[in-house]
Amino acid sequence: MPKDGSAVRLDGQGKPLWLCLELTYRCPLKCPWCNNPLDLENYRAELNTDEWKRVLREGRELGALQLGFTGGEPLMRKDIVELVTEANRLGYYTNLITSGMGLTEERLLDLKAAGLKQIQLSIQSCDREVTDALVGARAHDIKIDVARLIKKHGFPMVLNIPVARQNIEQVDEYLRMAEDLKVDYLEFANIQYYNWA
């Protein structure tokens, strides 16, 4: 067993290759498995744009090559395009991890122009009623439309499906949906209810 302080490396270099930037706790959805706080009034002190740019620079200095913009919902940040622009300027491979809520075609094109490389979109079910019930909003049709926009504009897309008892029987349908949406990667995420549930 390695001693405390020894160089345990999973990547062979000892460098943080991937950064996960939780830009905000804000989100328009209410997924019961989410670990974001519900008492947002106690978490209003988000890093500002300049502070996130400093984090991006420091991450590159440490050797990070990729990053994921996530949250909450990262699209709730007004400066998301500016942050993607800076990350691209610094040479990161950038990934937007999103529910799709708030992703219009105009905003998608702005993100593409800023250098965004890939998008991970979450869809909770093939069934509209199940998706909407799981996220606490009318979101299913928006998510499907956003998936089609993402592919229309040539982004590689990961389709993330949180698996719970409400949707676990839909695996065959998910595969067909992924094929129909022309996703590049399909990710199943097993849900562990320990946050809001």
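Criteria and thresholds
Residues numbered from 1 in each chain as written. Predicted model: local features only at pLDDT ≥ 70, side-chain atom pairs only at ≥ 80, totals over all residues. Heavy atoms only, no water. Pairing = 2+ DSSP bridges. Helix = DSSP H or I, 4+ residues; strand = E, 2+ residues; numbered from the N terminus. Axes fitted to C-alpha atoms, helices over the stretch in contact; angles between N-to-C directions. Contact = heavy atoms within 4.5 Å. Buried < 20%, exposed > 50% of the residue type's maximum accessible area, 1.4 Å probe, protein only. Arc of directions from axis to C-beta. Expected span 1.5 Å × (residues − 1).

Asks: What should I look at first to understand the sheet that holds strand β6 (residues 185-190) in this one?
Replies: Strand-to-strand pairing in sheets goes through backbone hydrogen bonds, with the strands running parallel or antiparallel. Within the open sheet, the 6 strands sit side by side as β1-β2-β3-β4-β5-β6. Their pairing is parallel. Edge positions in the sheet fall to β1 (18-22) and β6, since each of these pairs with one other strand and no more. Averaged over all pairs of adjacent strands, the angle between strand axes in this sheet comes to 20°, irrespective of strand direction. Against the sheet, helix α6 (residues 171-181) engages β5 (157-163) and β6, with an angle of about 160° to β5.

Asks: Explain α6 to me, please; I cannot follow it from the model alone.
Replies: At 3.6 residues per turn, the α-helix brings residues three or four places apart onto the same side. Along α6, the residues that are buried comprise Tyr174, Met177, Ala178 and Leu181. Considered in projection along α6, the buried side chains sweep an arc of 100° and stay on one side of the axis. Away from the buried face of α6 by more than 90 degrees, exposed residues Asp172, Arg176 and Glu179 are located. Backbone geometry just after α6 places Lys182 at a positive phi near 60°.

Asks: What am I meant to see in the side chain of Asn95 here?
Replies: Considering the arrangement of structural elements, one finds Asn95 in strand β3 (residues 93-98). Leaving out residues up to four positions away in the same chain, Asn95 has contacts with Trp18, Leu67, Gly68, Phe69, Leu116, Gln118, Ile119 and Gln120.

Asks: Would you explain helix α5 (residues 140-152) in this entry?
Replies: With 13 residues, α5 should cover 18 Å at 1.5 Å per step; its first-to-last C-alpha distance of 18 Å lies within 8% of that length. Among all positions in α5, only His140, Lys143, Ile144, Val146, Ala147, Leu149 and Ile150 are buried. Summarising the contacts, the buried residues of α5 are in contact with α3 (105-114), β4 (118-122), α4 (128-135), β5 and α6. In the segment just after α5, Gly154 is the residue with positive phi, at about 80°.

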